[in-house]
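Architecture and fold: a report
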Amino acid sequence: MSRLTVWTAALAVCWLPCRLADAQEVAARIESPAAQAAQASNEALEAVLRQPTRFEFEETSLTDAIGFLADKHDVDIAFDVKALSDLALDPAVAVVTRTLRKPISLAAALHVILRDFDLTHVVRDETILITSQSEAEESLATKVYQAGDLLSGTGKGRATTDQLMEAITGTVAADTWAETGGSATIAPLGNLFIVTQTHDRHGEIARLLAALRGAIEGHDEENAAKAAEAEPEKANAEVAAELRQPTAFEFADTPLSDAVEFLAKKHDLEIQFDNKALADLSLDPGVTPITLSVGRPTPLRSALERMLRPLDLTWMVRDEVLWITSATEAMEWTVTKVYPVDDLLNAAAAPPWSADDLLAAIATSIQPDSWNERGGPGAIARVGHMLVVAQNREGHEKLSHLLTQLRAALSKDAGEAASAARDERSDGAPTTGEELKIVEYPLQFLSGDEAAKALTALIAPETWQANGGAGAACTVVTTTKADMAPNRPPAQSQTLLVVRQTPTVHKQIRRLLGKLDRSPNSGFGGGGFGGGGGGGFF
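Residues numbered from 1 in each chain as written. Predicted model: local features only at pLDDT ≥ 70, side-chain atom pairs only at ≥ 80, totals over all residues. Heavy atoms only, no water.

Here helix α20 (residues 503-516) is 14 residues long and its end C-alpha atoms lie 20 Å apart, about the 20 Å a rise of 1.5 Å per residue gives. Within the sequence span of α20, burial applies to V505, H506, I509, R510, L512, L513 and G514. (Helix = DSSP H or I, 4+ residues; strand = E, 2+ residues; numbered from the N terminus. Expected span 1.5 Å × (residues − 1). Buried < 20%, exposed > 50% of the residue type's maximum accessible area, 1.4 Å probe, protein only.)

The biggest cluster of nonpolar side chains holds 34 residues, and the ones touching the most others in it are L62, L110, I113 and L119. Where this core is concerned, the elements lending two or more residues are α3 (33-49), α4 (62-73), α6 (106-114), β6 (119-124), β7 (127-132) and β15 (321-326). Top contributing element to this core by residue count: α6, with eight residues. If we ignore the near neighbours within four places in the chain, the residues touching L62 are F79, L89, P91, A94, V96, I113, L114, F117 and L119. (Core = buried A, V, L, I, M, F, W, Y, C linked by side-chain atoms within 4.5 Å. Contact = heavy atoms within 4.5 Å.)

Time to look at the packing of helix α12 (residues 256-266) against helix α14 (residues 300-308). Axes are the key here: two packed helices are described by the angle between their axes and the distance separating the axes. Remark: α12 packs on α14, axes separated minimally by 13 Å, with the N-to-C direction vectors making an angle of 175°. Classified by the angle their axes make, α12 and α14 are roughly antiparallel. Along its contact with α12, which presents L256, A259, V260 and L263, the element α14 presents L300, L304, M307 and L308. Tallied by class, residues from the contact of α12 with α14 come to eight nonpolar, no polar and no charged. (Axes fitted to C-alpha atoms, helices over the stretch in contact; angles between N-to-C directions. Parallel < 35°, antiparallel > 145°, perpendicular 65-115°, else oblique. Nonpolar A, V, L, I, M, F, W, Y, C, P; charged D, E, K, R; others polar.)

Where helix α8 (residues 161-171) meets helix α9 (residues 199-217), the closest approach of the two axes is 11 Å, and the angle between their N-to-C directions is 135°. Viewed along their axes, α8 and α9 adopt a mutual orientation that is oblique. In the crossing of α8 with α9, the sense of the turn from one axis to the other is right-handed. When α8 is examined against α9, the residues L164, A167, I168 and T171 are found in contact with a partner set consisting of I205, L208, L209 and L212. Of the residues in the contact of α8 with α9, the class split is seven nonpolar, one polar and no charged. (Left-handed = near helix turned anticlockwise from the far one by under 90°.)

Let us now look at the sheet that holds strand β14 (residues 313-318). The sheet built from three strands is open, its strands ordered β12-β15-β14 with mixed pairing. Because the sheet does not close on itself, it has two edges, and the strands there are β12 (271-273) and β14. Neighbouring strand axes in the sheet, compared pairwise and without regard to direction, differ in orientation by 30° on average. In the sheet, β12 pairs with β15 via three bridges, with the strands oriented parallel. The residue bridging I271 from the neighbouring strand is L322, located in β15. Relative to β14, helix α11 (residues 234-243) is tilted by about 140°, and along the sheet it contacts β14 and β15. α12 contacts β12, β14 and β15 of the sheet and is inclined by roughly 160° relative to β12. (Pairing = 2+ DSSP bridges.)

Let's shift gears to the sheet that holds strand β3 (residues 77-79). Strands pair in a sheet through their backbones, by hydrogen bonds, and they do so in one of two ways: parallel or antiparallel. If you trace the three strands from one edge of the open sheet to the other, you get β3-β7-β6, paired in mixed fashion. Across the chains shown, the open sheet's two edge strands, defined by having one partner strand only, are β3 and β6. Sheet twist, expressed as the mean angle between neighbouring strand axes with direction ignored, is 30°. Sheet contacts for α3: β6 and β7; angle to β6, the most-contacted strand, approximately 140°.

So, on to the packing of aromatic side chains. Tallied over the entire structure, the rule returns four aromatic pairs. Judged by centre distance (5.6 Å) and plane angle (90°), the ring pair of F57 and F68 falls under edge-to-face. Of this pair, F57 sits in strand β2 (residues 56-61) while F68 sits in helix α4, and the two are eleven residues apart along the sequence. Measuring from centroid to centroid gives 4.6 Å for F249 and F251, while their planes differ by 20°, and the two rings are stacked. Here the aromatic cluster, defined as three or more aromatic residues joined through ring pairs, consists of F55, F57 and F68. (Phe/Tyr/Trp six-rings, centres within 6.5 Å; stacked < 30°, edge-to-face > 60°.)

Everything listed here is a matter of coordinates, which is why it stays silent on function.
Encoded structure:
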């Protein structure tokens with residue numbers, strides 16, 4: 001009988017309250033002593049994998065490198081002989097040349113070493129097993145997650161069971177779940193979720209739930225921002241924080257490897273080259289020259305971008321280190337973050353959009369081809385008044401910028417709407433009794449004149465100024481600042497249709513523009529309008 005079946009049957013028969021402690025108590029009663037011993041052994045191995053480690057391997061065989069770590073941590077680490085044989089890889093012949101200057105967890109260190117060989121590790125049969133990626137996908141374990149504090153009925157902005165389940169399956173390895181043809185499963189049981197997934201994905205799920213709890217507990221804007229922007233692991237967050245620190249340097253025909261080593265020491269960072277990605281570009285960091293002067297203090301992240309972009313390289317934070325990799329590889333590597341948006345969905349003055357509108361606008365404006373609806377790796381889901389977003393680094397940066405713009409526009413709209421309402425009361429209030437509201441609609445394909453003509457002719461004609469009403473529409477063209485850095489895009493313009501109308505008419509405007517102002521190839525419908533901001537400002 002599978003563990004999933006055992007959990008379900010035991011809990012159904014015993015009728016215990018749906019709490020994690022009770023689920024564990026049932027498991028202890030029904031599992032055999034051997035199974036309990038195996039579980040304890042696996043948990044001990046998980047603890048070892050969290051221990052910090054360092055190493056220096058120069059032309060060392062993979063067998064010796066793994067043996068060194070096994071002896072250092074007094075733990076069994078074995079090779080999956082069949083899986084390696086299927087890859088035609090002999091660990092006694094494969095060579096490791098890697099050095100860790102700073103301690104990172106043993107789990108992360110194994111990822112750093114094994115990445116070059118398309119291998120990974122799993123905890124199975126009371127040992128740490130080095131195996132292939134495909135074999136690891138079939139090595140599943142079942143865990144129970146307590147989610148009562150995140151579900152509806154326990155506080156403001158909590159999720160429904162369906163929302164939380166969709167967030168997990170949609171943003172954590174979406175193609176591995178049974179609903180999409182994979183082997184992983186998730187089953188809600190009261191306030192519990194019973195999940196069968198791989199070792200690494202269980203870690204992602206645990207971090208996602210922790211991030212959701214952190215976002216809910218953040219009671220001010222500063223805490224909410226930290227919950228939204230922090231990397232899912234503390235070590236990754238520390239790397240990300242250092243990337244925001246200022247730096248200055250001057251390289252003249254300096255080998256890339258020497259330039260990176262200089263920055264690693266200066267900022268006390270662990271920086272690794274993604275050897276496979278660089279090999280795909282036929283790039284040798286030991287001979288590729290770098291010539292760049294950064295004289296004034298500049299955030300390290302921006303300086304790295306300037307240094308790496310001409311080589312079609314970039315950086316990403318993963319496995320507790322900073323990786324130098326290809327732009328293509330970085331686009332495929334997603335990180336899941338939680339964005340509290342209670343202020344955008346539940347403002348005192350109701351925003352002129354719904355939650356679905358907000359999601360559609362994000363998917364339309366932020367790297368449209370990167371979302372899973374169009375075959376990309378990105379995903380977005382709503383959990384209560386929070387957004388759970390799996391995106392690459394660039395996508396997250398653009399999303400954070402967009403949300404900042406929306407907040408500014410919403411605040412501006414609230415002030416202008418109040419002013420417009422005061423003006424209307426002095427000149428004669430609308431006959432409907434609704435206050436007029438000013439909203440900016442970003443236009444992608446329609447001209448301002450086309451949009452205004454369509455609105456005044458098709459939506460509540462009697463409410464517009466041309467017909468004696470109070471409504472008005474005009475066009476504003478805004479221009480972004482040109483970035484003088486090399487290879488940056490030039491200044492870009494954005495057409496905004498600014499409309500003063502009642503909330504009832506604005507709803508009709510959003511629906512109509514959603515149908516008229518979209519690309520014939522767009523996979524997303526209307527609903528991405530309202531409240532100023534939008535895409536095109538990045």
